Amino acid sequence: MVKKNVCIFISGYGSNLKSLILYSRNYNFPINIKLVVSNNLKAKGLSLARKNSIPYLVIDTKKRNYEKTILKKLKKNKISLICLAGYMKILSKQFILEFGKKIINIHPSLLPKFKGLNTYEKALENKEIKTGCTVHYVDEKLDNGKKIKQKFFFIDKNDDIEILKRKTKTLERKAFPEAIVEIFRYN
Ligand code: GRF
């Protein structure tokens, strides 16, 4: 199998990055993680990149042309898929167009419900009976593109924000790799 070169964008903890690193070690899994991009120098996920000898780029989003810097690196590394794994910046329409290849995101709710932040709070306030995560293609609108994979669980009456987060993250660690297998199934 010829594996695709992938770049993972992070801002924080990196539990999804960790799961994708583990999966990508399997020769049957369709990607190699060639690059990690973070907008946060203190992101815990960066230590995973270091530990696993994955090159990484920390960007300063206050600089005007920071997206150009990322695009150059993506090109240099022949990246054919970007996975947003907790990346807390919105990509510009221009960036999406110029990259011109697949970009996917993982979101901690059952989209189209609860786009944006505080999804666990919103699920509880709304008295949802279930919640979960969604992997979807990225377009210029927030948490909006076509769905690839969704996983859910039923909310227990004792579940609070922390418990919902833990349960959702457990699902995310499977949903992201499954979505990647799905999108490369036929190419
Ligand atoms: C995940 O819950 C993801 O759904 C959201 O940001 C979180 C990132 O977590 N977009 P981690 O950094 O992968 O642990």
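Residues numbered from 1 in each chain as written. Predicted model: local features only at pLDDT ≥ 70, side-chain atom pairs only at ≥ 80, totals over all residues. Heavy atoms only, no water.

1. Re the pattern of salt bridges
On inspection of all chains with the given rule, the structure shows six salt bridges. Of the charged contacts, one joins Glu-178 and Lys-151 as a salt bridge, the two residues approaching to 3.1 Å between their closest N and O atoms. Remark: Lys-151 occurs in strand β7 (residues 147–154) and Glu-178 occurs in helix α6 (residues 161–183); sequence separation between them is 27 residues. According to the relative accessible area criterion, Glu-178 is partly exposed, its value standing at 30%. With a shortest N-O distance of 2.9 Å, Lys-167 and Asp-159 are connected by a salt bridge. Linked through salt bridges whose partners overlap, the residues forming this network are Lys-149, Lys-151 and Glu-178. (Salt bridge = Lys/Arg side-chain N within 4 Å of Asp/Glu carboxyl O. Helix = DSSP H or I, 4+ residues; strand = E, 2+ residues; numbered from the N terminus. Buried < 20%, exposed > 50% of the residue type's maximum accessible area, 1.4 Å probe, protein only.)

2. Here we look at the layout of surface pockets
Reported here for the largest pocket is a volume of approximately 920 Å³. In terms of lining residues, the largest pocket is bounded by 40 residues, among which Gly-86, Tyr-87, Met-88, Pro-108 and Leu-117 are the most central. Secondary-structure elements contributing two or more residues to the lining of the largest pocket are α1 (15–24), β5 (102–107), α5 (119–125), β6 (130–137) and α6. Broken down by class, the residue content of the lining of the largest pocket amounts to 17 nonpolar, 14 polar and nine charged. Size it by volume and the second largest pocket reaches roughly 190 Å³. Looking at the lining of the second largest pocket, the elements that each hand over two or more residues are α3 (66–76) and α4 (93–99). In terms of residue count, the dominant contributor to the lining of the second largest pocket is α3 (five residues). Grouping the amino acids of the lining of the second largest pocket by side-chain chemistry returns four nonpolar, no polar and six charged. (1 Å grid on protein atoms, 1.4 Å probe; cavity = no way out; pocket = protein on both sides within 12 Å on 5 of 7 lines; lining within 4 Å. Points joined across faces, edges and corners; volume = space filled by probe spheres on them. Nonpolar A, V, L, I, M, F, W, Y, C, P; charged D, E, K, R; others polar.)

3. Some words on the site of the ligand
With respect to spatial proximity, the complete set of residues near the ligand consists of Tyr-13, Gly-14, Ser-15, Asn-16, Gly-86, Ile-106, His-107, Pro-108, Lys-169 and Glu-172. Contacts to the ligand include Tyr-13, whose backbone N or O atom sits 3.4 Å from an oxygen atom. Contacts to the ligand include Ile-106, whose backbone N or O atom sits 2.9 Å from a nitrogen atom. Protein chains bury 86% of the 370 Å² of accessible surface belonging to the ligand in isolation. According to the grid-proximity analysis, the pocket containing the ligand is the largest pocket. Breaking the shell around the ligand down by element, the ones donating at least two residues are α1, β5 and α6. (Near = heavy atom within 4 Å. Polar contact = N/O pair within 3.5 Å; in protein donor to acceptor, adjacent residues only side chain to side chain. Areas by Shrake-Rupley, 256 points an atom, 1.4 Å probe, with all protein chains shown as cover. Sits in = over half its atoms within 2 Å of the grid points.)

4. Considering the state of the cysteines
Here is the idea: a disulfide is a covalent bond, and it sits between the sulfur atoms of two cysteines. The full count for this structure, using the stated rule, is zero disulfides. Free of any disulfide, Cys-7 has its nearest cysteine sulfur in Cys-83, 8.6 Å distant. Looking at Cys-83, the relative accessible area reads 0%, which means it is buried. (Disulfide = S-S within 2.5 Å.)

5. Let's talk about a nonpolar patch on the surface
Side chains of Leu-41, Tyr-56 and Val-58 sit close together on the surface and give an oily, nonpolar patch of about 270 Å² of accessible area. Among the structural elements, Leu-41 can be located in the loop between β2 (31–38) and α2 (45–51). By relative accessible area, which is 64% here, Leu-41 ends up exposed. (Patch = residues over 30% accessible without salt bridge, like charges linked within 9 Å, V, L, I, M, F, W, Y side chains within 5 Å.)

6. A look at the pairing of strand β1 (residues 4–10)
Within β1, six of the seven residues are buried, which leaves the element mostly enclosed by the surrounding structure. Of the crossover connections in this fold, the one passing from β1 over α1 to the parallel β2 is right-handed. (Right-handed = clockwise from strand over helix to strand, strands pointing away.)

7. A short note on the side chain of Thr-168
Mapped onto the fold, Thr-168 is located in helix α6. Of the residues examined, Thr-168 reaches a relative accessible area of 0% and is grouped as buried. A distance of 2.6 Å separates a polar atom in the side chain of Thr-168 from the backbone oxygen of Leu-164. When residues no more than four places from it in sequence are discounted, the contact partners of Thr-168 are Pro-108, Tyr-120, Gly-132, Cys-133 and Phe-153. (Contact = heavy atoms within 4.5 Å.)

8. Here we look at the packing of aromatic side chains
In this structure the tally under the stated criterion is four aromatic pairs. Note on Phe-9 and Tyr-87: the rings are 5.0 Å apart at their centroids and 85 degrees apart in plane angle, and the pair reads as edge-to-face. Placement of Phe-9 in strand β1 and of Tyr-87 in the loop between β4 (81–84) and α4 is noted, with a sequence separation of 78 residues between them. Just as Phe-9 is buried, Tyr-87 falls in that class too. Taking NZ or CZ as reference, Lys-130 lies 4.5 Å from the ring centre of Phe-152, over its face. (Phe/Tyr/Trp six-rings, centres within 6.5 Å; stacked < 30°, edge-to-face > 60°. Lys NZ or Arg CZ within 6 Å of the ring centre and 35° of its normal.)

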